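Single-letter residue listing:
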Amino acid sequence: MTQSGWRKPTPELLQAERFAEVGEQLTIPKTRAIVATKKVAAAIGLKSQDLLLLDTFGAVTRPQDWEQGRRPIVWASNHFLMEQTGFSLATLRRHVRRLCEVGVISMKDSPNGKRWGRRDADGVIIEAYGFDLAPMAARAEEFEALYEHLQAERALCASLRNAITVTRRMIRAKIEKALDAGLRGPWANLQDVFSELLEGLPARSERAGGLSVTSTVSKHSWPLWSNPLKPPSTGRLKVMLRTLRHQWMDQRKLQI
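So, here is what we can say about the structure in this document. Position labels on residues start from 1 in each chain and follow its written sequence. In view of the model being predicted, local features appear only for residues whose pLDDT reaches at least 70, and side-chain atom pairs are presented and counted only at 80 or more, with totals across whole chains, interfaces and linings using the full set of residues. Note: side-chain values were computed over all heavy atoms of the structure, leaving out hydrogens and water.

1. A closer look at the overall build of the chain
Next, step 1: Strands are runs of DSSP state E lasting at least 2 residues, helices are runs of H or I lasting at least 4, and numbering of each runs from the N terminus. Broken down by element type, the chain carries 10 helices and 4 strands.
Next, step 2: Shown N-terminal to C-terminal, the secondary structure of the chain runs as helices and strands in the order α-α-α-α-β-α-α-β-β-β-α-α-α-α.
Next, step 3: By residue count, 42% of the 256 residues in the chain fall in the buried class.
Next, step 4: Counting only contacts in the chain whose residues sit at least 6 apart along the sequence, the fraction spanning at least 24 positions is 76%.
Next, step 5: To be clear on the numbers: accessible area is Shrake-Rupley with a 1.4 Å probe, and residue cover counts the displayed protein chains and nothing else. Just so you have it, the chain exposes about 14300 Å², and 52% of that area is on carbon and sulfur atoms. Only protein chains enter the calculation, and the probe is 1.4 Å; a residue is then buried if its accessible area is under 20% of its type maximum, exposed if over 50%, and partly exposed in between. Whether two residues touch is decided by their heavy atoms; if any such pair falls within 4.5 Å, the residues are in contact.

This is the structure in structure tokens:
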């Protein structure tokens, strides 16, 4: 596939052009396409200023531009875009490049590299060169599915963190209760082991994949302290801590 115009083709630009060709065959409302993109912005590598520019592009398109057989092309000047966003020229170019590389816009270049366009009496674009937003139409369904996946993952992470919190508090309570009661056993040593295990807890930003191993701790350990009023025996707590240690070792192997 070759790209017309003066711009040097790159794999990212060529992929964006493929998305634009697919988007041209669809009728996707502007709001749906832009909202779907913004919902997954962080996941696909876009930042807030990228979205500001994307909104600026979308604002100058018309509903009919997003209908099947047409492309929502923006031929606004750099001066207009800089005025609307507050970007410098260098910043504007940087964000345009990122939007292209991510594959949410494409560039339709004229032979001389100038952006321009014209509409007929009904407002339909007859010919235009500039920023092509059709890739967002092509990827709207993809982005909506990704957003649903991200929402499910966030819910799973919240559930796993709750399980980890309950597990951690229960183990600490049992060790402290045994120490306070003066029960025989290596409780101080177990407390040190437990502290070391806590240091291996996943960061709050850890995705569900990293937390899923951790969650098995509660499943394996919960029967060991089913009676919260009865301190566990040294043997039961050792099993509990051994289970924790094995799970963390498995997790570190997965991370490596």
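2. Considering the pairing of strand β3 (residues 116–119)
Next, step 1: Strands are treated as partners if at least two bridges between them are detected by DSSP. Bridge count between β3 and strand β4 (residues 125–132): 4 bridges; the pairing is antiparallel. Of the residues in β4, the one forming a bridge with R119 is I125.
Next, step 2: Two successive antiparallel strands, β3 and β4, enclose a turn made up of 5 residues, where G123 displays a positive phi of approximately 85°.

3. Section: the pairing of β4
Next, step 1: Here β4 lies mainly inside the structure; 6 of its 8 residues are buried.
Next, step 2: The pairing of strand β1 (residues 73–74) with β4 spans 2 bridges and is antiparallel. Note that in β4 the partner of I73 across the bridge is D132.
Next, step 3: Two strands pair when backbone bridges link them, and strand β2 (residues 106–108) and β4 are joined in this way by 3 bridges, in the antiparallel orientation. Pairing of K108 across the sheet is with G130, part of β4.

4. Notes on the pattern of salt bridges
Next, step 1: Salt bridge, as used here: a side-chain nitrogen of Lys or Arg that lies within 4 Å of a carboxyl oxygen of Asp or Glu. This structure, assessed with the given rule, holds 10 salt bridges.
Next, step 2: We note a salt bridge from E144 to R32, for which the minimum N-O separation is 2.8 Å. Note that E144 is positioned in helix α7 (residues 134–181) and R32 in helix α2 (residues 30–39), a separation of 112 residues in sequence.
Next, step 3: The residue E142 makes a salt bridge to R139 at a minimum N-O spacing of 2.9 Å. Of this pair, E142 and R139 both sit in helix α7, 3 residues apart, roughly one helical turn.
Next, step 4: The exposure class assigned to E142 is partly exposed, which follows from its relative accessible area of 39%.
Next, step 5: When salt bridges with common partners are traced through the structure, they connect E17, E24, R71 and D132 into a single cluster.

Function cannot be read off these values alone, since they describe shape.
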